[in-house]
Amino acid sequence: MHIWKIVVLFLIFIGCAVMGCSQETLKTSPENLLGRWQMVKAIQSGNEVDKPNPYLRRYEVEIEFLPDGKLTGTSSANPMVGQYETQSSNFISIHCGYESKVGENAWGDLFADTIENVDTYKIKNNMLFLSHMDNQLIFQKIK
């Protein structure tokens, strides 16, 4: 009888551990996109690109997904607006409009050149991964 109690407690422990971990893993649903995200890293052609020093840009590269399928944000030097659409559990289509691309640094250009090509997204531990082939924009949730 004592062995069964140990087995039951062990199974409960494993179940709680698995359920606890799942809350911090993938949260890929359109509702979880909502909010403001700041770009912290990028992967271009398989190579990691780090965020430059703060004094090299006017704005943080940020994007905010709104509930009505619209988005707003900033590249490194310019504001932007646009729209997005999700069609399946991790498919996303993004269309952005910029007032101008004048003054962009390499970080802003990387964002502007990549954002409209992304076709999948993943959210894990308050990080958003927007991907297309071997290119990826990585954001941290800020709001």
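Bridging between strand S4 (residues 70-74) and strand S5 (residues 79-86) involves 5 bridges; their strand directions are antiparallel. Residue pairing for S5: leucine 71 is matched across the bridge by glycine 82. The antiparallel pairing of S4 with S5 creates a hairpin that spans 4 residues between the two strands. Sheet topology places S5 next to strand S6 (residues 92-98); 7 bridges connect them, and they run antiparallel. For glutamate 85, the partnering residue across the bridge sits in S6 and is serine 93. Where S5 hands over to S6, the hairpin turn is made up of 5 residues, counted between the paired strands.

All right, on to the nonpolar core then. Phe65, Ile94 and Leu130 are the most contacted members of the largest nonpolar core, which has 26 residues in total. A per-element tally of this core places helix H3 (residues 106-115) first, with 5 residues.

This brings us to the environment of aspartate 109. By the secondary structure assignment, aspartate 109 is in helix H3. Expressed as a C-alpha distance, the spacing of aspartate 109 and serine 76, which sit 33 residues apart in the sequence, is 8.0 Å.

So, on to unusual backbone geometry. Not every positive phi belongs to a glycine, and serine 45 is a case in point at roughly 50°. The backbone phi angle of asparagine 126 is positive, close to 60°, even though this residue is not glycine. Along the chain, the position of asparagine 126 falls in the loop between strand S7 (120-124) and strand S8 (127-132).

Chain-level pLDDT for the protein is 82 on average; 77% of the residues reach the 70-or-more range. A low-confidence stretch, residues 15-25 stays under pLDDT 50, and its non-local contacts, those more than four residues away or across chains, total 5 contacts.

Next up on the list: the pattern of salt bridges. Taken as a whole and judged by the stated rule, the model has 5 salt bridges. In this structure, the salt-bridge partner of arginine 36 is glutamate 64, at a minimum N-O distance of 3.1 Å. Within this pair, whereas arginine 36 is found in strand S1 (residues 35-44), its partner glutamate 64 is found in strand S3 (residues 62-65), the two being separated by 28 residues in sequence. Residue classification places glutamate 64 among the buried residues on the basis of a relative accessible area of 14%. Beyond isolated ion pairs, a larger network of salt bridges with shared partners links Arg36, Glu62, Glu64 and Lys143.

Moving on, we get to the packing of aromatic side chains. The relative placement of two aromatic rings is captured by the distance of their centres and the angle of their planes. Taken as a whole and assessed by the stated rule, the structure comprises 2 aromatic pairs. Both rings, one in phenylalanine 65 and one in tyrosine 84, keep their centres 4.9 Å apart while their planes meet at 90°; by these two values the pair is edge-to-face. Pair noted here: phenylalanine 65 is in strand S3 and tyrosine 84 is in strand S5, with a separation of 19 residues, a long-range link. Ring geometry for phenylalanine 111 against phenylalanine 139: centres 6.3 Å apart, planes inclined by 75°, an arrangement best described as edge-to-face. Here phenylalanine 139 lies in strand S9 (residues 135-141) and phenylalanine 111 lies in helix H3, a separation of 28 residues in the sequence. Taking the ring centre of phenylalanine 129 as reference, the NZ or CZ of lysine 122 above it sits at 5.2 Å.

We now examine the environment of leucine 130. Along the chain, leucine 130 turns up in strand S8. Residue leucine 130 is classed as buried on the basis of its relative accessible area of 0%. Residues in contact with leucine 130, not counting those within four places in the same chain, are Ile92, Ile94, Ile115, Val118, Thr120, Tyr121, Asn135, Gln136, Leu137 and Phe139.

Reading guide: rules and limits
Residues numbered from 1 in each chain as written. Predicted model: local features only at pLDDT ≥ 70, side-chain atom pairs only at ≥ 80, totals over all residues. Heavy atoms only, no water. Pairing = 2+ DSSP bridges. Helix = DSSP H or I, 4+ residues; strand = E, 2+ residues; numbered from the N terminus. Core = buried A, V, L, I, M, F, W, Y, C linked by side-chain atoms within 4.5 Å. Buried < 20%, exposed > 50% of the residue type's maximum accessible area, 1.4 Å probe, protein only. pLDDT = per-residue confidence, 0-100. Contact = heavy atoms within 4.5 Å. Salt bridge = Lys/Arg side-chain N within 4 Å of Asp/Glu carboxyl O. Phe/Tyr/Trp six-rings, centres within 6.5 Å; stacked < 30°, edge-to-face > 60°. Lys NZ or Arg CZ within 6 Å of the ring centre and 35° of its normal.

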